[in-house]
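Observations on chain architecture
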Amino acid sequence: MAEKSRRSSSARKLTPTPDQGDLLRFVEDLKRQWMATIDALVDPLIIINGDYSVQKANVAMARLNQIDVKDVIGRKCFSVFAGRKTPCPGCKLKSTMKDGNPSSFELDHVRHNQTFEVSSQVLTDADGKPEAVVHVYRDRTLAKAMQAQLAQQDKLASIGLLAGGVAHEINNPLGGILIFSQMLLREMDPQSPHYQDVVEIEAATQRCKAIVEGLLDFARQNPSNSKAQRVEINAIEAIRTAIRFGSVGFKNGGKIALSTKLDSKEHVLTGDRNRIIQVFLNLIQNAVQAMPDGGSLTIRATSRQDHQGQIFGVYEVEDTGIGISDENLSKIFDPFFTTKDPGEGTGLGLALSYGIINDFGGTIRVSSKVNIGTCFTVELPLQAISAAKS
């Protein structure tokens, strides 16, 4: 009887009282609310211990890698986030855990070509000692690209005003020099010792004239104000025209192999056809000049659709030339910047192309490796994609 009494007493002790049951339900509800709140975040979040192992993760982090949340737990954070075997460059997990102070850092091109801003916050135990770190990853790729684009537009607008004023001031005296040099050439004896000097004066003036015309083109980039120029065009056909013009110089040489992979459908957009041709002709000519010893030139045209249903034409001009160094990549769309030898370029071609693509509501970007090659990618918003006309 005594043994039975003890068992009954033990059972009574293990059975939660009404107050304890309410407390357990409260704790369970609190846990569910906390997890639901964390999972509702659109930014990936993980809780990491000192050896980079993931303790908890939200749905956004699992969705980022297209895996289940349970498969994230226990793995290294750098493996989950970036597919790396070592910690991400610039990660501040160790310093956050050591100092206990919240911090933020940027992971640029650690995961594909994306840029993430990471907020790092320490978690402490009951004694106030650091036991884990919370990392929240915010994708800043688009924002960073837009900031760079706005900065470039402001720079081009300022330089455009300056260039226009300078070009107009130079044009008049330049015209006089050109006219008088040509008059001298008509009247001078070709055997005169000064004849060749005047020839050089005329040639130099012609080069200056071309630069001034480029300046004026750059300064007055705003085709949207001209309704006569805004007509429906097929971007694929405009690119084919640019290819015909641009490939004339190397077709017979045989040093450059041309490959085209163009969409068979029409890419319909509204604007000035000649300006689209100008952009791609410039990109093709730059690619050819980047391959003085020969190589391969590939031109592609495809399309994509964003999450809002907008269709974009995606056009690539890729070469296997000398490439562009990292320090020059950020400058190539700046007016007057060129890596070509003196007399071979004004440094306005890519600046003009940037302005034209921007006027069409599109984007232009570049990727390059020295001695491997360069790829320019242009994206233009299309009105429609239709079957090619027979």
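Our structure is the block above this text.
Residues numbered from 1 in each chain as written. Predicted model: local features only at pLDDT ≥ 70, side-chain atom pairs only at ≥ 80, totals over all residues. Heavy atoms only, no water.

Reading across the sheet, the five strands line up as S2-S1-S5-S4-S3 and stay open at both edges, with antiparallel pairing between neighbours. Two strands close off the open sheet at either side, each with one partner strand: strand S2 (54-57) and strand S3 (103-108). On average, adjacent strands in this sheet sit at an angle of 25° to one another, irrespective of strand direction. In terms of strand pairing, strand S4 (residues 115-124) meets strand S5 (residues 130-139) through nine bridges, oriented antiparallel. Looking across to S5, one finds that Leu123 is bridged to Ala132. (Pairing = 2+ DSSP bridges. Helix = DSSP H or I, 4+ residues; strand = E, 2+ residues; numbered from the N terminus. Axes fitted to C-alpha atoms, helices over the stretch in contact; angles between N-to-C directions.)

Next up on the list: the sheet that holds strand S9 (residues 295-305). If you trace the five strands from one edge of the open sheet to the other, you get S7-S9-S10-S12-S11, paired in mixed fashion. Looking at which strands have only one partner, the edges of the open sheet turn out to be strand S7 (256-262) and strand S11 (363-369). The sheet shows a mean angle of 15° between the axes of neighbouring strands, taken without regard to direction. Sheet topology places strand S10 (residues 311-319) next to strand S12 (residues 373-381); eight bridges connect them, and they run antiparallel. Residue pairing in the sheet places Gly313 in a bridge with Leu380 of S12.

In globular proteins that are soluble, nonpolar side chains generally tend to be buried together. Judged by nonpolar contacts, the single largest core of 37 residues is most densely connected at Phe280, Leu283, Leu297, Tyr315, Ile364, Val378 and Leu380. Within the residue set of this core, elements represented by two or more residues are helix H8 (235-246), S7, helix H10 (273-289), S9, S10, helix H12 (349-359) and S12. The element contributing the most residues to this core is H10, with eight residues. Excluding its chain neighbours within four sequence positions, the residues that come into contact with Val378 are Phe280, Leu283, Gly313, Val314, Tyr315, Ile357, Thr363 and Ile364. (Core = buried A, V, L, I, M, F, W, Y, C linked by side-chain atoms within 4.5 Å. Buried < 20%, exposed > 50% of the residue type's maximum accessible area, 1.4 Å probe, protein only. Contact = heavy atoms within 4.5 Å.)

It is possible for side chains of opposite charge to pair when their charged atoms get near one another. In this structure the tally under the stated criterion is eleven salt bridges. Residue Asp68 is joined to Lys70 by a salt bridge in which the shortest nitrogen-to-oxygen separation is 3.0 Å. On the basis of relative accessibility, which here comes to 64%, the residue Lys70 falls in the exposed class. The closest approach of N and O atoms between Glu316 and Arg300, which form a salt bridge, is 2.8 Å. Highlighted residues: Glu316 in strand S10 and Arg300 in strand S9, separated in sequence by 16 residues. (Salt bridge = Lys/Arg side-chain N within 4 Å of Asp/Glu carboxyl O.)

Axis angle and axis distance: for two packed helices, these are the angle between their axes and the distance between the axes, and together they describe the pair. Between H10 and H12, the shortest axis-to-axis distance is 9 Å and the interhelical angle comes to 145°. The two elements H10 and H12 cross, and the hand of that crossing is left-handed. Listed contacts from H12 to Arg275, Gln278, Val279, Asn282, Leu283 and Asn286 of H10 are Gly349, Leu350, Leu352, Ser353, Ile356, Ile357 and Asp359. In the contact of H10 with H12, the residues fall into six nonpolar, five polar and two charged. (Left-handed = near helix turned anticlockwise from the far one by under 90°. Nonpolar A, V, L, I, M, F, W, Y, C, P; charged D, E, K, R; others polar.)

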